[in-house]
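Structural description and commentary
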Amino acid sequence: MIDGLLPLSWSRIDTFLRCPRRFYIERVLGEKQPETPAMLLGKAVHEALETWVRTGDNEKALEKIDMIEDYDTARMRYYSGRSLLKGFIPRAIELKFGLTYNLKPTDFFADDCFFRGVVDLVTKTDYGLEIYDYKSGWSKPDPRQIFAYAMALHRFDKKINRAGFILLASHEIIDFEIGEDELETAARVLYKVYNDLDSRETEDDFPKNLEACGYCPFRQKCLEEGDDFETKLNNAYLMNEEAKEIMDKARKIVKETGEPIQITEDTAYGPVETMKLKVVGKKEERAENEKIFMKWLLENHPEYLNISPSTPEDLELPPEIKALVQWKPSITVKMTEHMKALVKEA
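The following refers to the structure shown. (Residues numbered from 1 in each chain as written. Predicted model: local features only at pLDDT ≥ 70, side-chain atom pairs only at ≥ 80, totals over all residues. Heavy atoms only, no water.)

**Concerning the pairing of strand S5 (residues 160–167)**
With six of eight residues buried, S5 is to be regarded as a mostly interior element. Two elements, strand S4 (residues 128–135) and S5, share seven bridges in a ladder whose sense is parallel. Opposite Leu-129, over in S5, you have Ile-160 as the bridge partner. In the classification by handedness, the crossover that spans S4, the intervening helix H6 (residues 143–155) and the parallel S5 is right-handed. Relative to strand S6 (residues 172–177), S5 runs antiparallel, the two being bridged by six bridges. From the neighbouring strand, Gly-164 faces S6, where its bridge partner is Asp-175. With antiparallel pairing between neighbouring strands as the criterion, S5 and S6 make up a hairpin whose turn holds four residues, including His-171 at a positive phi of roughly 55°. (Buried < 20%, exposed > 50% of the residue type's maximum accessible area, 1.4 Å probe, protein only. Helix = DSSP H or I, 4+ residues; strand = E, 2+ residues; numbered from the N terminus. Pairing = 2+ DSSP bridges. Right-handed = clockwise from strand over helix to strand, strands pointing away.)

**Overview of the packing of aromatic side chains**
Taken as a whole and judged by the stated rule, the model has 15 aromatic pairs. Centre to centre, the rings of Tyr-24 and Phe-206 are 5.1 Å apart; their planes meet at 40°, and the pair counts as tilted. Here Tyr-24 is found in helix H2 (residues 20–27), whereas its partner Phe-206 is found in the loop between helix H7 (180–198) and helix H8 (229–257), with 182 residues between them in sequence. An angle of 70° between the planes, with centres 5.3 Å apart, marks the rings of Tyr-101 and Tyr-191 as edge-to-face. Of this pair, Tyr-101 sits in the loop between strand S1 (90–99) and strand S2 (105–106) while Tyr-191 sits in helix H7, placing them 90 residues apart in sequence. Members of the aromatic cluster, connected to one another through ring pairs, are Phe-16, Phe-23, Tyr-24 and Phe-206. Stacked on the ring of Phe-108, the Lys or Arg Lys-96 has its end atom at 5.9 Å from the ring centre. Here the guanidinium or amino end of Arg-116 rests over the ring plane of Phe-108, the centre of that ring lying 4.5 Å away. (Phe/Tyr/Trp six-rings, centres within 6.5 Å; stacked < 30°, edge-to-face > 60°. Lys NZ or Arg CZ within 6 Å of the ring centre and 35° of its normal.)

**A look at empty space enclosed by the protein**
Enumeration according to the criterion identifies one cavity of 30 Å³ or more in this entry. Computed from the structure, the largest cavity encloses a volume of approximately 70 Å³. Every residue along the wall of the largest cavity is listed here: Cys-19, Arg-21, Arg-22, Ile-25, Lys-208, Asn-209, Ala-212, Cys-213, Cys-216, Phe-218, Arg-219 and Cys-222. Tallied by class, the residues present in the lining of the largest cavity amount to seven nonpolar, one polar and four charged. (1 Å grid on protein atoms, 1.4 Å probe; cavity = no way out; pocket = protein on both sides within 12 Å on 5 of 7 lines; lining within 4 Å. Points joined across faces, edges and corners; volume = space filled by probe spheres on them. Nonpolar A, V, L, I, M, F, W, Y, C, P; charged D, E, K, R; others polar.)

**Considerations on the environment of Leu-29**
Turning to its location among the elements, Leu-29 is positioned in the loop between H2 and helix H3 (37–55). Separated by 174 residues in sequence, Leu-29 and Glu-203 have C-alpha atoms that sit 9.8 Å apart.

**Here we look at the pairing of strand S8 (residues 267–279)**
When strand S7 (residues 261–262) meets S8, the two strands line up antiparallel, connected through two bridges. By the bridge assignment, Ile-261 is partnered in S8 with Tyr-269. Between the antiparallel neighbours S7 and S8 lie four residues. One ladder, built from 13 bridges, connects S8 with strand S9 (residues 325–337); its direction is antiparallel. By the bridge assignment for S9, Lys-278 is matched with Gln-326.

**A closer look at the pattern of salt bridges**
Opposite charge on two side chains allows them to pair when their charged atoms are near. All chains considered together, the criterion is met by 15 salt bridges. Asp-248 is the partner of Arg-251 in a salt bridge, and the nearest nitrogen-oxygen pair spans 2.5 Å. Highlighted residues: Arg-251 and Asp-248, both in helix H8, separated by three residues, approximately one helical turn. Glu-299 serves as the salt-bridge partner of Lys-295, at 2.8 Å between the closest nitrogen and oxygen. With a gap of four residues between them, Lys-295 and Glu-299 both fall in helix H9 (residues 284–300), about one helical turn apart. A residue is classified by how much of its surface remains accessible, and Glu-299, at 54% relative accessible area, is exposed. A cluster of three or more residues bridged by salt bridges with shared partners is formed by Arg-219, Glu-245 and Lys-249. (Salt bridge = Lys/Arg side-chain N within 4 Å of Asp/Glu carboxyl O.)

**A word on a negative patch on the surface**
Residues Glu-69, Asp-70, Asp-72 and Glu-256 make up a contiguous surface patch of negative charge. Looking at the element boundaries, Glu-69 is found in the loop between helix H4 (58–63) and helix H5 (71–84). (Patch = residues over 30% accessible without salt bridge, like charges linked within 9 Å, V, L, I, M, F, W, Y side chains within 5 Å. Areas by Shrake-Rupley, 256 points an atom, 1.4 Å probe, with all protein chains shown as cover. Lys, Arg positive; Asp, Glu negative; His and termini not counted. Charge placed at Lys NZ, Arg CZ, Asp CG, Glu CD.)

**Topic: the sheet that holds S7**
The strand order S7-S8-S9 describes an open sheet built from three strands, whose pairing is antiparallel. Either end of the sheet is taken by a strand with one partner, and the two such strands are S7 and S9.

**What about the environment of Lys-43?**
Tracing the backbone through its elements, the reader meets Lys-43 in helix H3. You can call Lys-43 partly exposed: its relative accessible area is 48%. For the pair formed by Lys-43 and Ile-178, sequence separation is 135 residues and the distance between their alpha carbons is 27 Å.

**What to know about the packing of H6 against H7**
Following both chains from N to C, one finds H6 and H7 inclined at 100°, their axes separated by 8 Å at the closest point. In this view, H6 runs roughly perpendicular relative to H7, as classed from their interaxial angle. Facing Arg-144, Phe-147, Ala-148, Ala-150, Met-151 and His-154 of H6, the residues of H7 in contact are Glu-182, Leu-183, Ala-186, Ala-187, Val-189 and Leu-190. When its residues are assigned to classes, the contact of H6 with H7 shows nine nonpolar, one polar and two charged. (Axes fitted to C-alpha atoms, helices over the stretch in contact; angles between N-to-C directions. Parallel < 35°, antiparallel > 145°, perpendicular 65-115°, else oblique. Contact = heavy atoms within 4.5 Å.)

As structure tokens, this is what we get:
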């Protein structure tokens, strides 16, 4: 086996299963992913909930998220967790474990550690012990992670009856009953990943998975040299993913500041106000109003039949038809002439 691949952890296993190339870049080449705002938010919320569970001191817990860029989201995630934890009886928090290759207990930092992890929360009910992992994002969690944690604690003679995830973004708990099937699945996955890694000897044995390129910080390392169509397609896909990420960041900056980003002397990417036509009313009333308005358009201005934003605000309407609609200002972010950014477009 290539040096540096052990010990396994669930985050490393998840990376390998999603994209072997990224696993190689991180674990073998030793390149670290820069911490993103989402990662910093998740870490801070974890620490806030840990502080609250440990001390019951809300002020100390909130201090953990004081400096987070997206404070509103961090605060909502924290209070979501507090609400979901009502009625829980904590027995341990941030519990570290380590297992040897033979799945025997060992220290988290031991040289013979084969698989290790940190359990966010261990609780006790009338039916026994339960374990939970906090998730602050919207991604669907992999149940194999919590199965592996339950299996590890079983090896420490801690019988886990249920295990799950506390989803702070969607404000819900997903949990699973833990039986022999779940424990065997966890052990089987560990050995399958290990054996797969053991069979790989060179960088070429760690291919990229283009489906996992979204928001990957190492995309540039997967660009290839060559003039054949396949190489060009590979590079175009990777650069398109990067372009989408950059445009997302640009939209966020513009929406937060309200100011355009000047690209050239004459061009800017910024907010433009447009007037959008809306049919008034709710549900059945709106549907009926839309029928009446579309009938009038068909008879008088069929060029605007799709009731699009292009329907001019100065379109002359009879009073009974005008009462069915209204034009409302709407801000869109797009590439435009610099002087037109922030200027109303009719």
